[in-house]
Amino acid sequence: MDWLQTIIVMMMVTLPLVLVLGRRGKAPYPPGPKGLPIIGNMLIMDQLTHRGLATLAKQYGGVFHLRMGFLHMVAISEPEAARQVLQVQDNVFSNRPATIAISYLTYDRADMAFAHYGPFWRQMRKLCVIKLFSRKRAESWRSVREEVDVAVRSVASSAGKPVNIGELVFNLTKNIIYRAAFGSSSQEGQDEFIGILQEFSKLFGAFNIADFIPFLGRVDPQGLNARLARARVALDSFIDKIIDEHVQKSDKRDDGETDMVDELLAFYSEEAKLNNESEDLQNSIRLTKDNIKAIIMDVMFGGTETVASAIEWAMSELMRSPEELKRVQQELADVVGLDRRVEESDFEKLTYLKCALKETLRLHPPIPLLLHETAEDATVAGYLVPKKARVMINAWAIGRDKNSWEEAESFKPGRFLKPGVADFKGSNFEFIPFGSGRRSCPGMQLGLYALELAVGHLLHCFTWELPDGMKPSEMDMADVFGLTAPRATRLVAVPTKRLLCPLL
Ligand code: HEM
């Protein structure tokens with residue numbers, strides 16, 4: 001390992017010099033904990049969670065700096081700095097950071113979520129918004145309604161017994177997205193696909209020293225490369241089969257029902273034709289099978305755990321605040337009545353239910369840290385954020401900021417009834433569960449629809465009790481940190497039928 005020692009010694013000598021010379025004449029870095037030579041702040045790596053960063057922000061402020069090996073990181077935990085990053089200077093802050101694992105598993109950023117900001121991303125986003133997420137794609141919306149119905153029936157058949165709401169809603173959103181993507185309502189292939197996704201998720205989150213000290217990538221001290229290769233082969237063969245089946249089926253199809261793979265394949269062949277004619281388009285986007293696979297991954301990751309965790313948190317917060325739960329259920333009884341199920345047209349009148357969902361997203365934004373990267377040097381709040389820095393916008397800390405929210409830690413849906421209160425559409429930076437600006441969530445409408453429908457039906461059809469005489473104050477409200485921040489323990493509750501009409 002002589003060469004390794006030599007390189008480390010060289011880095012110890014040159015790195016401080018590079019850092020100092022590279023910053024001459026520029027603003028200072030934001031404040032932050034002092035780091036060690038070379039590794040910087042890597043010893044506090046375990047604090048790179050929404051809670052850890054919020055604690056550090058109390059000490060170092062709403063804009064603070066960390067250095068992990070060669071990588072600069074800046075954490076943003078206050079609304080005004082978030083506005084600078086997501087709105088005022090969004091042209092500089094709209095790239096995405098990607099680890100080695102993410103680059104490899106997304107076919108080198110062939111998707112939308114991890115593509116850097118630029119013409120390719122713009123075209124991909126346009127394609128996804130028009131073809132996949134638009135309200136006009138009635139099939140996705142239909143799959144939400146039908147799968148919520150399946151979930152209600154499953155709960156009805158367990159009336160009087162404890163139901164694991166966490167598992168129920170994860171299954172629900174997985175089925176919705178699987179169906180919207182692949183069109184098949186059968187369980188066939190789902191378990192295999194979920195297994196592949198789970199391995200991807202672990203690899204996305206796995207610590208890889210080479211992300212911070214790049215030359216260690218060749219050495220691969222943790223043996224991650226072989227695992228990454230296996231995971232990608234598994235996804236390749238799974239989706240290749242699905243794509244081939246779709247190609248064969250598309251000739252015979254006359255039911256007019258299309259799923260996301262059909263839409264992407266149609267665009268794929270249209271583009272192939274157009275690309276022969278137009279130089280411009282050839283240079284902008286050419287959809288390949290890798291793009292199709294990577295977009296499907298985006299949709300599965302973006303749409304499954306986010307919505308499931310929001311539904312589970314909404315049910316949890318309401319069960320922990322019986323008075324609020326009573327108020328939401330009373331509104332459902334008044335607006336809908338107890339002799340029928342909730343329908344789409346009822347939702348615009350279910351004001352308090354919507355307030356409860358907003359309050360859930362404020363306290364538990366499903367993606368607690370928005371990850372962006374700078375395309376060039378920038379200045380925020382008078383501090384330097386260098387090119388290629390990883391910028392973590394702590395939506396979780398911002399939603400609980402005491403300067404923006406009264407009784408910030410309490411679940412009080414009524415706050416959203418007040419005139420002029422912040423909304424999550426993206427122009428109020430104290431409330432950004434869907435982000436804001438260019439990289440904000442393109443699946444917001446679909447996500448909100450699934451959230452409203454699922455919680456509306458679960459609360460209208462059933463009354464819920466905690467199991468074994470547990471008191472609301474005894475509920476465990478801890479979360480775990482990953483790509484999303486779901487409950488640490490699954491919510492379990494006992495349903496009793498509330499409606500007079502049949503549910504089964
Ligand atoms: C309650 C539900 C949801 C929440 C709270 C949510 C939240 C978010 C957030 C915070 C971002 C990142 C914004 C940023 O980096 O500034 C995001 C991006 C994204 N979301 Fe969602 N999301 C939800 C549902 C969905 C659904 C249902 C889909 C797809 C079916 C989806 C697909 C995506 C994609 C593809 C991106 C990446 C966009 C880009 O990089 O250009 N999301 N979402």
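Keep in mind the model is a prediction, meaning the values are calculated, not measured.

**So, the UniProt feature "binding site: heme" (unreviewed entry) in the protein chain**
Residues given the UniProt feature "binding site: heme" (unreviewed entry) here are Cys441. Within the secondary structure, Cys441 sits in the loop between helix H17 (395-399) and helix H18 (444-461). Leaving out residues up to four positions away in the same chain, Cys441 has contacts with Arg125 and Phe434.

**Observations regarding the packing of helix H6 (residues 119-133) against helix H13 (residues 289-303)**
Their axes nearest at 12 Å, the elements H6 and H13 cross at an angle of 65°. In this structure, H6 crosses over H13, and the sense of that crossing is right-handed. In contact with Phe120, Met124, Leu127, Cys128, Leu132 and Phe133 of H6, H13 contributes Asn291, Ile295 and Val299.

**Regarding the site of the ligand**
Contacts to the ligand come from 23 residues, most closely from Arg96, Trp121, Arg125, His372 and Cys441. Side-chain polar atom of Trp121 to an oxygen atom of the ligand: 2.9 Å apart, as the coordinates give it. A distance of 2.9 Å separates an oxygen atom of the ligand from a polar side-chain atom of Arg125. Put simply, the parts of the chain that give the shell around the ligand at least two residues each are H6, H13, helix H14 (305-320) and strand S4 (369-373). In the shell around the ligand, the residues fall into 13 nonpolar, 7 polar and 3 charged.

**Looking at H13**
Between its terminal C-alpha atoms H13 stretches 21 Å, which fits the 21 Å expected from 15 residues at 1.5 Å a residue. All buried positions along H13 are accounted for by Asn291, Ile292, Lys293, Ala294, Ile295, Ile296, Met297, Asp298, Val299, Met300, Phe301 and Gly303. You can read the cap of H13 off the contacts: a side-chain oxygen lies 3.2 Å from the backbone nitrogen of Asp290, and it is on Thr288.

**Section: H18**
Spanning 18 residues, H18 covers 25 Å between terminal C-alpha atoms, matching the ideal 26 Å at 1.5 Å per step. Most of H18 sits out of view: 17 of its 18 residues are buried.

**Section: empty space enclosed by the protein**
Here the idea is plain: a probe the size of a water molecule rolls over the atoms and shows the empty space left. This structure, assessed with the given rule, holds 2 cavities of 30 Å³ or more. As for the largest cavity, its lining consists of Leu361, Arg362, Pro365, Ala395, Ile398, Gly399, Glu430, Phe431, Ile432 and Pro433. Going through the elements one at a time, helix H16 (351-363) and H17 are the ones with two or more residues in the lining of the largest cavity. For the lining of the largest cavity, the element with the highest residue contribution is H17, accounting for 3 residues.

**Observations regarding the packing of helix H8 (residues 165-182) against helix H9 (residues 190-205)**
Here H8 crosses H9 at 105°, and the two axes come no closer than 12 Å. Between H8 and H9, the crossing angle belongs to the class labelled roughly perpendicular. In this structure, H8 uses Lys174, Asn175, Tyr178 and Phe182 to contact H9, whose residues at the interface are Gln190, Phe193 and Ile194.

**What about the sheet that holds strand S3 (residues 163-164)?**
Across the sheet, which stays open at both edges, the 3 strands sit in the order S3-S9-S8 with antiparallel pairing between neighbours. Each end of this open sheet is capped by a strand with a single partner; those strands are S3 and strand S8 (462-465). Here 4 bridges tie S8 to strand S9 (residues 492-497), and the two strands are oriented antiparallel to one another. Within S9, the position partnered with Glu465 by the bridge is Val494. Along the sheet, H18 makes contact with S8 and S9, crossing S8 at roughly 85°.

**Regarding the confidence of the model for the protein chain**
Mean pLDDT for the protein chain: 88, with 89% of residues reaching 70 or above. Confidence over residues 277-284 falls short of pLDDT 50; this stretch has 6 contacts with residues more than four positions distant or in other chains.

**Observations regarding the sheet that holds strand S2 (residues 71-76)**
The strands making up a sheet are joined through hydrogen bonds of the backbone, oriented either antiparallel or parallel. Pairing is mixed across the open sheet formed by 4 strands, whose spatial order is S1-S2-S7-S4. Across the chains shown, the open sheet's two edge strands, defined by having one partner strand only, are strand S1 (63-68) and S4. Taken pair by pair, the neighbouring strands of this sheet meet at an average axis angle of 25°, ignoring direction. Of the pairings in the sheet, the one linking S1 to S2 comprises 6 bridges and is antiparallel in character. For His65, the partnering residue across the bridge sits in S2 and is Val74.

Rules used throughout
Residues numbered from 1 in each chain as written. Predicted model: local features only at pLDDT ≥ 70, side-chain atom pairs only at ≥ 80, totals over all residues. Heavy atoms only, no water. UniProt positions renumbered as here; feature names shortened; annotations may be inferred. Helix = DSSP H or I, 4+ residues; strand = E, 2+ residues; numbered from the N terminus. Contact = heavy atoms within 4.5 Å. Axes fitted to C-alpha atoms, helices over the stretch in contact; angles between N-to-C directions. Left-handed = near helix turned anticlockwise from the far one by under 90°. Near = heavy atom within 4 Å. Polar contact = N/O pair within 3.5 Å; in protein donor to acceptor, adjacent residues only side chain to side chain. Nonpolar A, V, L, I, M, F, W, Y, C, P; charged D, E, K, R; others polar. Expected span 1.5 Å × (residues − 1). Buried < 20%, exposed > 50% of the residue type's maximum accessible area, 1.4 Å probe, protein only. 1 Å grid on protein atoms, 1.4 Å probe; cavity = no way out; pocket = protein on both sides within 12 Å on 5 of 7 lines; lining within 4 Å. Points joined across faces, edges and corners; volume = space filled by probe spheres on them. Parallel < 35°, antiparallel > 145°, perpendicular 65-115°, else oblique. Pairing = 2+ DSSP bridges. pLDDT = per-residue confidence, 0-100.

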